[in-house]
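Notes for the structure review
If you want the building blocks of each chain, they are given just below.
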Amino acid sequence: MCGIVGYVGKESAQEVILQGLEKLEYRGYDSAGIAILEDGVIKSDKFKGRLSVLSDYLNDHPISGSLGIGHTRWATHGAPSDENSHPHLNKESTIAVVHNGIIENYVSLKEELIAKGYEFKSQTDTEVIVHLLDSIYEGDLLEAVNKLTKLIRGAYAIGVVCSKNPGEMVAVRNESPLIVGLGKDENFIASDIPALLKYTRDVCILENGETVHLTPEKVTIYSKDHEIVQREKFTVDWDVESASKGGYDYFMLKEIHEQPTAIRETLLRRLDENGKIKLDDIKLTKEDLEKITKVYIVACGTAYNAGLIGRYAIEKFAQIPVEPDIASEFRYREPFIDQNTLLIVISQSGETLDTLAAIREAKRKGARILSITNVVGSSVARESDDVFYTWAGPEVAVASTKAYTTQITALYMIALDLALTKGTITEEFYFDTINKMKELPEKVERILENAEDIKKIAEDIKDSQSAFYLGRGLDYQTAMEGALKLKEISYIHTEAFAAGELKHGTIALIEDGTPVIAIAGQESLYEKMLSNIQEVKARGAYVISIAKESKKEIEAQSDRVIYVPDVDDILAPVLTAVPTQLIAYYTSLIKGNDVDKPRNLAKSVTVE
Ligand code: M6R
């Protein structure tokens, strides 16, 4: 959840690290710090608050030097404070450490270190790392880190510098992501690629358990058993611009507007010259499918909500029963998994620890893993048997938008492919559905043309204590995603209800003026949805409906209506999601919240 950048070279480490951390603020932003070797002495500054607090300070008090590490934090152990910020240093300030992850056995390690006379300045688990290193260091930094990994347990990406080893940096990774950037007379470490794009496009990904030793001239990767590993570098082919705001006020708005392109790319890049879906990295044959008796879809947050839509599509097209589950629950409920189970996992980042843990549990029991992810080479991709990459491009805003609609697109494609392989749909239906999917990007563009109108709705709901989303069938799944989006960035308490379930209890919550956002995008359930809208309206709700443009009669029952272009029911979630994203965006904006970095959250959730 935190962001790490390290530099060893000839340039200003301060500049490289600050530039890199700026690109990693999505990983954590409650404090930031830096440690640089200046004239043989480690100088470190760290502050609670956004990265700008640190960079403003360093503007006035620069640190020179060409070796250093930096960190943006998302607090786990210990509240955000200057003391709990990274880097952590040993008593003599000869060793500095940054860490992303959780050291699970830190309590016992801390007790042992205190017994040996070490004094702790912070409440973090990370501080044990630096004191442990201090206690085992004998002049060789790499050797000390190797010994360290035998003592600590948990998820970590760690970067270390030591004033007694000038011109060297050592890093190690287990579960938490870490990449190495390769330059000319300079090398880097970082939690994610965008941090390094200004300086290099040549990167290597560290595998779990691997350690890396870096000097300006050389990078050496070691396996868990300390054998040298030959790792192919790869060249990043996307540009810095696609990972920056490109004229929009916030990444979230930019990413909402990128959806037509992202959906188009996700679809078209996987259609062959005959317009058929080609799933190159998915090798499920008819025989494989016949053996499958159980399909789970497992993910977290927005990716889970996309999975709920995927369930409908796979059940409808391929007639295979599917059970969706939240990754953090799945692994602890002893699900029925064997060699005939297919586990479909969805993760934008490909690094979500709960999702990875579900993969590992299912794999251990023999399941086949098919993942949908946005990040090439991510842990989820590498640990799966089959991978479907979405083509959303980097998603930076914490609130997921284009990842969601491309995940749904991917799930439709997988469902159609499975169905055709199984023979549960005709070729005519298959091509007809693909043709209708090709129209989705243009239909999303039409919704976005009226994006500004949604500002008025945001004005109406911004002061509400709570709000509700209603829907039936697929609209209920969209309601769940809409509610998550609104609550996570506007901080308005928002719940999603299955509209038919209202009368069983929840309608008691409706009072005069309660905002209710009713999604009425399913033709087959439209009449029933109108009745549910009347039920809440009769109890004083302020109703904002999202409906297909041919359904004008809904205006009579609603205070406001947002229209989306007409589309088949099964594809409607791609369109109805867009107004919900805009409602959340503008409400957060009007309330003066930090849209891209909502409180208490981080983009990449690499802790349990
Ligand atoms: O990277 P992932 O798709 O695995 O992330 C899963 C969730 O943490 C993520 O979708 C989260 O719910 C978003 N902040 C919601 O907007």
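Details of the structure are given in the entry above.
Small disclaimer: the values here were computed from a predicted structure and weren't measured.

**A word on the layout of surface pockets**
- Roughly 690 Å³ of volume is contained in the second largest pocket.
- In terms of lining residues, the second largest pocket is bounded by 34 residues, among which C300, G301, T302, A303 and L484 are the most central.
- Of all the secondary-structure elements, those providing two or more residues to the lining of the second largest pocket are helix 9 (301-318), strand 18 (341-347), helix 11 (353-364), helix 17 (474-490) and strand 22 (493-498).
- A class-by-class count of the residues in the lining of the second largest pocket yields 15 nonpolar, 13 polar and six charged.
- Each of domain 2 (251-438) and domain 3 (447-590) accounts for three or more of the residues forming the lining of the second largest pocket.

**Quick word on unusual backbone geometry**
- For the peptide bond that leads from H86 to P87, omega is 0 degrees, which places it in the cis range.
- Turning to its location among the elements, P87 is positioned in the loop between strand 4 (67-73) and strand 5 (88-89).
- You will see that E334, though not glycine, has its phi angle at about 45 degrees, which is positive.
- Phi is positive for Y491, which is not a glycine, with a value near 65 degrees.
- Structurally, Y491 is set in the loop between helix 17 and strand 22.
- According to the relative accessible area criterion, Y491 is partly exposed, its value standing at 25%.

**Quick notes on the site of the ligand**
- Taken together, 14 residues are adjacent to the ligand, and S347, Q348, S349, T352 and E488 come closest.
- The contact in question runs from an oxygen atom of the ligand to an N or O atom on the side chain of S347, over 2.6 Å.
- One of the backbone nitrogen or oxygen atoms of Q348 is found 2.6 Å away from an oxygen atom of the ligand.
- For the ligand, whose accessible area on its own is 410 Å², the fraction buried by protein is 90%.
- Among the elements of the structure, helix 9 and helix 17 are those that each provide at least two residues to the shell around the ligand.
- In terms of residues, the shell around the ligand owes the most to one element, helix 9, which gives three residues.

The rules behind these values
Residues numbered from 1 in each chain as written. Predicted model: local features only at pLDDT ≥ 70, side-chain atom pairs only at ≥ 80, totals over all residues. Heavy atoms only, no water. 1 Å grid on protein atoms, 1.4 Å probe; cavity = no way out; pocket = protein on both sides within 12 Å on 5 of 7 lines; lining within 4 Å. Points joined across faces, edges and corners; volume = space filled by probe spheres on them. Helix = DSSP H or I, 4+ residues; strand = E, 2+ residues; numbered from the N terminus. Nonpolar A, V, L, I, M, F, W, Y, C, P; charged D, E, K, R; others polar. Domains from an automatic or database assignment. Buried < 20%, exposed > 50% of the residue type's maximum accessible area, 1.4 Å probe, protein only. Near = heavy atom within 4 Å. Polar contact = N/O pair within 3.5 Å; in protein donor to acceptor, adjacent residues only side chain to side chain. Areas by Shrake-Rupley, 256 points an atom, 1.4 Å probe, with all protein chains shown as cover.

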